[in-house]
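Here is what each chain is made of, one letter per residue.
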Amino acid sequence: MNQKKPRKKSRKKITPQPNKKLINIFLIIFLIAFLATIASYYTLKNKDTIKNIPAQIEAKTQEIKKEIILPKIKEIKDFKEQAPEDFFEEKFNVPDEHKFEEYSKELEKVIIDKPETEESINKENELIQKKVEEIKENKLKEINSTKKDEKVIIKTKEKLDEKSIITTKDTFIYDKKSKPKIAILVDDVTTQAQKDKILSMGYKINMAFLPPTNAHPNSAKIAQNLSFHMIHFPMQASNSFKGEEVNTLKTTDSYETIEKRVKQLRLWYPNAVYTNNHTGSVFTENDEAVDKLFRALKKYNFIFVDSRTSAKSVVKKYAKKYDMPYIVRNTFLDNEQSYQYVQKQLKEAIELAKKRGYSLAIGHPHEVTLRVLRDSKSLFKDVEPIFINQLPYLQ
């Protein structure tokens, strides 16, 4: 019997499937690489930002520096072209003792320089010359003496030479037939409001304006229409003084620096002739600094008034050297800000004027000082308030 061979089962060809595990691993690796790329991008961006920080700081520093530089005020001839809103009034927000003069015991003194006759001055000069000759002879005899003795001799000679400095003020003789004069000077004027209050007094008061800064940019502008005004020149004070003005003169400044500053004042105040020191106890004691200052003042036709914030001021010596009048204050009105004190100081200045023919009193635009000046008109019945250029020994 033919037996049928059993049919072989046909097998279907199976296509191999990719390994799922490999695909998952590949996807994970790709994801990690993508995330790493993103992270690297932001890291590099942040580094660029950090690199820019010094540049940002430098830019900010430059902005701050610009804020303390003197304001760019047009020359005086252009003042009228500027609108009032181009300027702003000063807003004080500092303690009173830091707003005005440099306070010291020296300011509490009334300086009385007794006028001398020409005869007494000549006699004193003869005595001085004799003394100087004696000192020279003694110095030759004591060449072999100790250094200590030599220093004493030199100091004595210097002291005597200082006394020999005689100015027009020292030779002034008061003629009691004329009415005594009093010059009242208000320093630190910077605003229109202060100016208006002083003008409302109804008699002559000298106003000294601080040079323009960002804090009071219109201080030159408001002075221009006054018949007489002065410049209150900031100079180096003692270390204890706070609230120094911008561009205050220092004893270490070169002549070029001082000359440039004086030239700028001439541009700002074309009609001013007189200037006095704001603070300045350290500056006015320094021979070299005052010499440089007077050279510059002479060049730009200024006359200096010594506020006498130091008893060691050498201003008189250089007024004589540069052939300028020596003008010095006698009284400070408002070292203490009480009505009674200010009026007492004013009365002393008036009495001094009666004795010697003139006096110079300095105050500030404190509310109490201006109130005393307003209320004290009756005290001036025997004296004449004047501008500083009318002082008797200047005529």
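Residues numbered from 1 in each chain as written. Predicted model: local features only at pLDDT ≥ 70, side-chain atom pairs only at ≥ 80, totals over all residues. Heavy atoms only, no water.

## A look at the confidence of the model for the protein
Stated formally: Residue-level confidence of the predictor is summarised by pLDDT, bounded by 0 at the bottom and 100 at the top. Contacts: residue pairs with any heavy atoms within 4.5 Å of one another.
Averaged over every residue, the pLDDT of the protein is 80; residues scoring 70 or more account for 67%. Low confidence marks residues 156–160, where pLDDT is under 50. Its contacts with residues over four positions away, or in another chain, come to seven contacts.

## Regarding the pattern of salt bridges
Our working definition: A side-chain nitrogen of Lys or Arg and a carboxyl oxygen of Asp or Glu constitute a salt bridge if their distance falls within 4 Å. What counts as a helix is a DSSP run of H or I of at least four residues, what counts as a strand is a run of E of at least two, and both are numbered from the N terminus. Between buried and exposed lies partly exposed: a residue is buried under 20% and exposed over 50% of the maximum accessible area for its type, with that area taken using a 1.4 Å probe on protein chains only.
The full count for this structure, using the stated rule, is twelve salt bridges. Linking aspartate 170 and lysine 316 is a salt bridge whose minimum nitrogen-to-oxygen distance equals 3.0 Å. With aspartate 170 in helix α4 (residues 168–171) and lysine 316 in helix α8 (residues 315–321), this residue pair connects regions lying 146 residues apart in the sequence. Classification of lysine 316 by relative accessible area gives partly exposed; the value is 21%. We note a salt bridge from glutamate 288 to lysine 292, for which the minimum N-O separation is 3.5 Å. Remark: lysine 292 and glutamate 288 occur in helix α7 (residues 287–299); sequence separation between them is four residues, near one turn of the helix. Judged by its relative accessible area of 53%, glutamate 288 is exposed. Assessed through its relative accessible area of 14%, lysine 292 is described here as buried. Ionic contacts of the salt-bridge type, sharing partners, join the residues Lys169, Asp170 and Lys316 into one network.

## Points about helix α6 (residues 255–268)
We count it as follows: One less than the number of residues in a helix, times 1.5 Å, gives the span that helix is expected to have.
For α6, built from 14 residues, the straight-helix expectation of 20 Å at 1.5 Å per residue is met to within 8% by its first-to-last C-alpha distance of 20 Å. Within the span of α6, buried status applies to Tyr255, Ile258, Glu259, Arg261, Val262, Leu265, Arg266 and Trp268. On its buried face, α6 sits against β3 (230–235) and α7.

## Topic: the packing of helix α9 (residues 339–356) against helix α10 (residues 367–375)
Our working rule: The angle between two axes is taken between their N-to-C directions and runs from 0 to 180 degrees, where each axis is a line fitted to C-alpha atoms and a helix contributes only its stretch in contact. Should an angle lie under 35 degrees it is considered roughly parallel, over 145 roughly antiparallel, and from 65 to 115 roughly perpendicular; all remaining angles are considered oblique. Two helices crossing with the near one rotated counterclockwise from the far one by less than a right angle form a left-handed crossing, whereas a clockwise rotation gives a right-handed crossing. Polar here means any residue other than Ala, Val, Leu, Ile, Met, Phe, Trp, Tyr, Cys and Pro, which are nonpolar, and Asp, Glu, Lys and Arg, which are charged; Gly is therefore polar.
As a packed pair, α9 and α10 sit with axes 9 Å apart at the nearest point and diverge in direction by 55 degrees. Classified by the angle between their axes, α9 and α10 sit oblique to one another. Of the two possible hands of crossing, α9 and α10 adopt the one that is right-handed. Between α9, through Tyr339, Val342, Gln343 and Leu346, and α10, the contact on the second element is made entirely by Val368, Thr369, Arg371, Val372, Leu373 and Asp375. Across the contact of α9 with α10, the residue classes tally to six nonpolar, two polar and two charged.

## Structural notes on the packing of aromatic side chains
As a reminder of what qualifies: Pairing of aromatic side chains here covers Phe, Tyr and the six-membered ring of Trp, requires ring centres within 6.5 Å, and sorts the geometry by plane angle: under 30 degrees stacked, over 60 edge-to-face, intermediate tilted. Here, over-ring charges are defined by two tests on the NZ atom of lysine or the CZ atom of arginine: distance to the ring centre within 6 Å, and angle to the ring normal within 35 degrees.
A full pass over the atoms with the stated rule returns seven aromatic pairs. Three or more aromatic residues joined by ring pairs form one cluster here, namely Phe172, Tyr358 and Tyr393. The ring of phenylalanine 302 carries the charged tip of arginine 266 above its face, separated from the ring centre by 3.9 Å.

## Describing α9
An ideal rise of 1.5 Å per residue puts 26 Å on 18 residues; α9 measures up with 26 Å between its terminal C-alpha atoms. Regarding α9, the residues found buried are Tyr341, Val342, Gln343, Gln345, Leu346, Ala349, Ile350, Leu352, Ala353 and Arg356. If you follow the buried residues of α9, they end up packed against α4, β1 (181–189), β7 (331–332), β8 (358–363) and α10. Phi turns positive, to about 105 degrees, at glycine 357, one or two residues after α9.

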